[in-house]
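Chain residues, written in single-letter form:
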Amino acid sequence: MSTDPLDGDLAFARDDEALFARDVDGQLIRVVSATQQDYDSAVTLTIDGDEITVMKAVPSTDAQGNIVNDEHGHTVPRRTTIYDAVTTLFNRRRGSAGRRHPVPTLCHREHMQPVGVCRVCVVALGRRTDAGQRTEERLVPACVHPVEPGMVVHTMASPEPAMRERVEGSVRVVVELMAADHLPEKPTLAPSDELTALAARLGVDAARFRLEAREAPAADRSSHLIDVDRARCILCDRCSRACNDVRSNFVIGRAGKGYEAKIAFDLDVDLGASTCVSCGECMISCPTEALVFRRPVESRWRQERLEIAEQHYEVSAEDLQRHPLFEDMPLRFLQWNVGAVVGWHVKRGQALCRQGETGGTAFILLRGRFGFWKRPGGQGGLLSWIRPPGRGASSGTLAGPPDGELTPDDLIVGEMTCMNNQPRAATVAALEDGEVWIVRRNLLYVVQRDRHARERLDRIYRERALENHLRDVSFFADLDESERAACRKFLADRVELVRVDPGQVIFNQGERADAFYMIRHGHVKTTQAINGQQRVLSYMRPNTYFGEIGLVSREVIDSSIPPSRWDRRTATCTALDHVELVRVRRDDFRELLRMFPALLKTFVSIAQRRLTADYGWSPNVNGMLAEFLDQGLYNGEKLLVLDMEACTRCDLCVKACGDSHGGVSRLVRDGPRFDRYLIAGACRSCTDPYCLVGCPVDAIHREGSLETVIEDHCIGCGQCARNCPYNAIHMVSVGTGVADQRLAVSCDLCRDVVRHPGSDEVRCVYSCPHHAAFRISGDELWQRLAGAKG
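Residues numbered from 1 in each chain as written. Predicted model: local features only at pLDDT ≥ 70, side-chain atom pairs only at ≥ 80, totals over all residues. Heavy atoms only, no water.

1. Regarding the overall build of the protein
Helix and strand content of the protein: 21 helices and 36 strands. Summed over all atoms, the accessible surface of the protein reaches about 35800 Å², with 49% contributed by carbon and sulfur. (Helix = DSSP H or I, 4+ residues; strand = E, 2+ residues; numbered from the N terminus. Areas by Shrake-Rupley, 256 points an atom, 1.4 Å probe, with all protein chains shown as cover.)

2. So, the sheet that holds strand β17 (residues 404-406)
As summarised here, the arrangement of the 4 strands in space is β14-β19-β16-β17, forming an open sheet in which the pairing is antiparallel. Strands with a single pairing partner mark the edges of an open sheet, and in this sheet they are β14 (351-353) and β17. Ignoring which end each strand starts from, the neighbouring axes of this sheet average 30 degrees apart. Pairing of strand β16 (residues 370-373) with strand β19 (residues 427-430), which is carried by 4 bridges, proceeds in the antiparallel orientation. Each bridged residue has a counterpart across the sheet, and for W373 the counterpart in β19 is T427. (Pairing = 2+ DSSP bridges. Axes fitted to C-alpha atoms, helices over the stretch in contact; angles between N-to-C directions.)

3. Concerning the confidence of the model for the protein
Detailed conclusions should not be drawn from predicted coordinates in areas where pLDDT is low. In this model, the protein carries an average pLDDT of 85, and 87% of its residues clear a pLDDT of 70 or more. The weakest mean pLDDT in the protein belongs to helix α1 (residues 9-18) at 42; the strongest belongs to strand β31 (residues 677-679) at 96. Here residues 1-20 is modelled with pLDDT under 50, and outside its nearest four sequence neighbours on either side it reaches 20 contacts, counting other chains as well. (pLDDT = per-residue confidence, 0-100. Contact = heavy atoms within 4.5 Å.)

4. Examining the nonpolar core
L291, F326, W336 and L443 are the most contacted members of the largest nonpolar core, which has 87 residues in total. For this core, the element with the highest residue contribution is helix α12 (residues 441-447), accounting for 5 residues. Those residues within four positions of L443 in sequence are excluded, and the remaining contacts are L320, F326, M329, F333, L334 and V341. Among the nonpolar cores identified, the runner-up in size contains 34 residues, and V473, V584, F596 and L599 belong to it. (Core = buried A, V, L, I, M, F, W, Y, C linked by side-chain atoms within 4.5 Å. Buried < 20%, exposed > 50% of the residue type's maximum accessible area, 1.4 Å probe, protein only.)

5. So, the packing of helix α4 (residues 161-182) against helix α5 (residues 194-202)
Contact geometry of α4 with α5 gives a least axis separation of 10 Å together with a crossing angle of 135 degrees. Overall, the two elements α4 and α5 adopt an arrangement that is oblique. Crossing angle aside, the handedness with which α4 passes α5 is left-handed. From α4, E168, V171, R172, V175, M178 and H182 reach across to α5, where they touch L195, L198, A199 and L202. Across the contact of α4 with α5, the residue classes break down as 7 nonpolar, 1 polar and 2 charged. (Parallel < 35°, antiparallel > 145°, perpendicular 65-115°, else oblique. Left-handed = near helix turned anticlockwise from the far one by under 90°. Nonpolar A, V, L, I, M, F, W, Y, C, P; charged D, E, K, R; others polar.)

6. Let's talk about the pairing of strand β13 (residues 341-346)
Along β13, 5 of the 6 residues are buried, which leaves the element largely enclosed by surrounding structure. Relative to β13, strand β12 (residues 312-314) is paired through 3 bridges, and the arrangement is antiparallel. Bridge assignment links Y313 to a residue of β13, and that residue is G343. Note that β13 and strand β20 (residues 434-440) share 6 bridges and pair antiparallel. When the sheet's bridge partners are listed, H345 is paired in β20 with E435.

7. Here's the deal with the side chain of R684
Tracing the backbone shows R684 in the loop between β31 and β32 (700-702). We note that R684 is buried and unpaired, the nearest opposite charge coming from E627 at a distance of 9.5 Å. For R684, the side chain forms a polar contact with the main-chain oxygen of Q631, separated by 3.0 Å. Setting aside residues no more than four positions away along its own chain, R684 makes contact with Q631, G632, L633, G636, E637, K638, L639, P672, I679 and Y726. (Lys, Arg positive; Asp, Glu negative; His and termini not counted. Salt bridge = Lys/Arg side-chain N within 4 Å of Asp/Glu carboxyl O. Polar contact = N/O pair within 3.5 Å; in protein donor to acceptor, adjacent residues only side chain to side chain.)

8. Digging into the pattern of salt bridges
Applying the stated criterion across every chain, the model contains 47 salt bridges. Put simply, E467 and R471 hold a salt bridge, and the shortest N to O gap is 3.6 Å. Taken together, the positions of E467 and R471, both in helix α13 (residues 451-471) and 4 residues apart, correspond to about one turn of that helix. Using a relative accessible area of 28% as the deciding quantity, one classes R471 as partly exposed. Among the ionic pairs, E703 bridges to R751, the shortest N-O distance being 2.7 Å. Of the two residues, E703 is situated in the loop between β32 and β33 (708-710) and R751 in the loop between β35 (742-745) and α20 (763-766); the sequence distance between them amounts to 48 residues. Take E703: its relative accessible area is 23%, and that puts it in the partly exposed class. Here R751 falls in the partly exposed class, since its relative accessible area comes to 29%. Through salt bridges with shared partners, a single ionic network connects D458, R462, R499, R520 and E580.

9. Concerning the pairing of strand β36 (residues 773-776)
Burial of β36 is two-sided: the residues A773 and R775 facing one way and the residues F774 and I776 facing the other way are all buried. With 4 bridges joining them, strand β29 (residues 639-643) and β36 adopt antiparallel strand pairing. By the bridge assignment, L642 is partnered in β36 with A773.

10. Some words on the packing of helix α14 (residues 481-492) against helix α15 (residues 586-595)
A packed helix pair is summarised by two numbers, namely the angle formed by the two axes and the spacing between the axes. Closest axis-to-axis distance for the α14/α15 pair is 11 Å, and the angle between their directions is 160 degrees. The orientation of α14 with respect to α15, classified from their angle, is roughly antiparallel. Judged by the twist between their axes, the crossing of α14 over α15 is right-handed. Each of C487, F490 and L491 in α14 lies in contact with α15, whose residues at this interface are D588, E591, L592 and M595. The residue makeup of the contact of α14 with α15, split by class, is 5 nonpolar, no polar and 2 charged.

11. Notes on the environment of F326
Relative to the elements of secondary structure, F326 occurs in the loop between α9 (317-321) and α10 (331-336). Among the residues examined, F326 registers a relative accessible area of 0% and is labelled buried. Distance from F326 to V447, taken between C-alpha atoms, is 6.6 Å for residues 121 residues apart in sequence. Beyond its immediate chain neighbours, meaning those up to four positions away, F326 contacts L320, Q321, I364, V439, L443 and V447.

12. Considering a nonpolar patch on the surface
There is a patch of nonpolar side chains on the surface, built from V173, L177 and F209 and spanning about 220 Å² of accessible area. With respect to the helices and strands, the residue F209 is situated in the loop between α5 and β8 (226-228). Its relative accessible area of 32% is what places F209 among the partly exposed residues. (Patch = residues over 30% accessible without salt bridge, like charges linked within 9 Å, V, L, I, M, F, W, Y side chains within 5 Å.)

13. Some points on the sheet that holds strand β21 (residues 495-500)
Read from one edge to the other, the open sheet built from 4 strands follows the order β21-β28-β23-β26, with strand pairing classed as antiparallel. Across the chains shown, the open sheet's two edge strands, defined by having one partner strand only, are β21 and β26 (545-546). Strand direction decides the pairing type here: strand β23 (residues 515-521) and β26, joined by 2 bridges, are antiparallel. Along β26, the bridge assignment pairs Y517 with F546. Most of the contacts of α13 go to β21, to which it runs at about 110 degrees, and overall it touches β21, β23 and β28 (579-585).

Put into structure tokens, the structure is as follows:
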């Protein structure tokens, strides 16, 4: 008989606590490496009485849900955790299960790497044996514990009262301990304070474990944006992971040990004296009130719309979070970006957006019917006479019946422009009086960090992107309307949307041709190896296609394709930037050509022409094209080019720019040179604008002539400057407002500058006395260069 004084209930309690970091077999939990084979291994487990099957591993993703590739272009597998499986089940039954996740977290966010330090995500884990018996349940942290077959998991929503009480009791104790150190005796319920909300959810007594009062550290109010209260910090590390992993700023870390442990900025200096760029990522990630914003960010965009009180109204952060799409967003982010969403009572005939225009907003449909019109290949919708939102209603009859209708069941419109930074694909207008929410780009950026919302938006995006692209396929030109409709119907369920990262190989020379590709967005480089040397053949822009040569090689009457190379790729294609491709599998493409002989004739002709062009390049042109692509000039729509044979280096272009913009020049008379042309350092108005991605307050956007506009509510975080690969955005200190505050500045094509009467030229071009400066696109520049070398 055992004489251990800790036998019985005390032994059970000791075992329970000790196994917080042990698995069901009593082994310490360690990081489990995933393999590529785990992608194909299905794991079935039981969660709160419901069976669910998930894959043993999934591809690693960044904070925005984009799949991460290693240096070889392969995905990086990550083991699926219990928290992942519970979240999948929760999203499936979200409507009936309420909006409280059964596994709370304080140190974990879905878009971050889990660290398992707060221990409020514990679940009771057992296993079902081969004989059908359940093993004893033990408490394990769900956010870091990988799934295994046969697991039986109980959460705070377990249908078994004993298991539910056991898990909830454990979580309650952990929360009480944190509340004793970091909450007042009678905390005020703050929805943006996750610790307070969780304490209220569990009915925690914040004073039960409170020790004698300790002197609270002084608050840090040195930053112009964020206040720091270390007394409220629970050392969850969410702020440091937000700063280092999400934004790559590397400002926040830990300092000290034990009760002296704290978050620190740089080498433990005040936040205002650190290298913090004030992006706000740490503040919106903090689960307590240790990091809070000092004042909300208000934009001129919001003020302009609220001036029309009878049509527009402000949507509060609390109302927005009650919408299913935004319910998992950090409330503090919504409160900080006051007016990120503006409500709009739309009148019949008003246009939400118009085809071909740029924009940074999407529209959540709440009430009414909306039609969309799309002119194939056009840059102006059929309702181009309708004034844009916020500038009054339009009257009159809509120009023809719409191509389709949208209702609140379709959830959102305009999201494609926000997600891919391209012009509007269609005109959308109200068919009757209705109501929408106007949503800014930065809100959709943060929404996509939640897997449930991201998958919903991505599904809508893919369906609409494929439908829109098939309407404008250029190789349908030789078919009549009925044949085009038949082709679209055939391809509708046989194509897929593929996203490719910059530098990623789409296919290699010599591989078996397995698909045909159409470029929806982005640019693709074509290279070919001849006698062991790689040479650049060409680059392709949006709305072009490739991959047909290997699929029609048997029909091509050309001695350059011997039978040994039939069905093989004749070149390597690589993404130059972020590329979206519409992919048609080989068998489906061949069936399409069989059904429509005119298409076969078209593609054979195209393949023969491309093969002839490929073998006709001179070494000089090939070398120049490689450098042209390496410099990213293909992406520019408004390059500032100087003809150095006419330029006298007088710098009047630089002086005119500075004089027009408060003494801060937006251009540098330096850059890559090709033949007689120098490409100056100024905004290029890129087709794929990297600078627009990730602005936390949506202060940067595009306007009608593709100019980049930075609004006055910029917080100076420098995200746009870091994103720009061409150093065209500069950070400057301003003397107004908060001392030492920085703002981003960039060329905006002189949109707010009075130009010379009768001249449409920007000031840098107009001021050149020798007509050496001009603005052209990358395509136009290449045509000049290739013509000069031809």
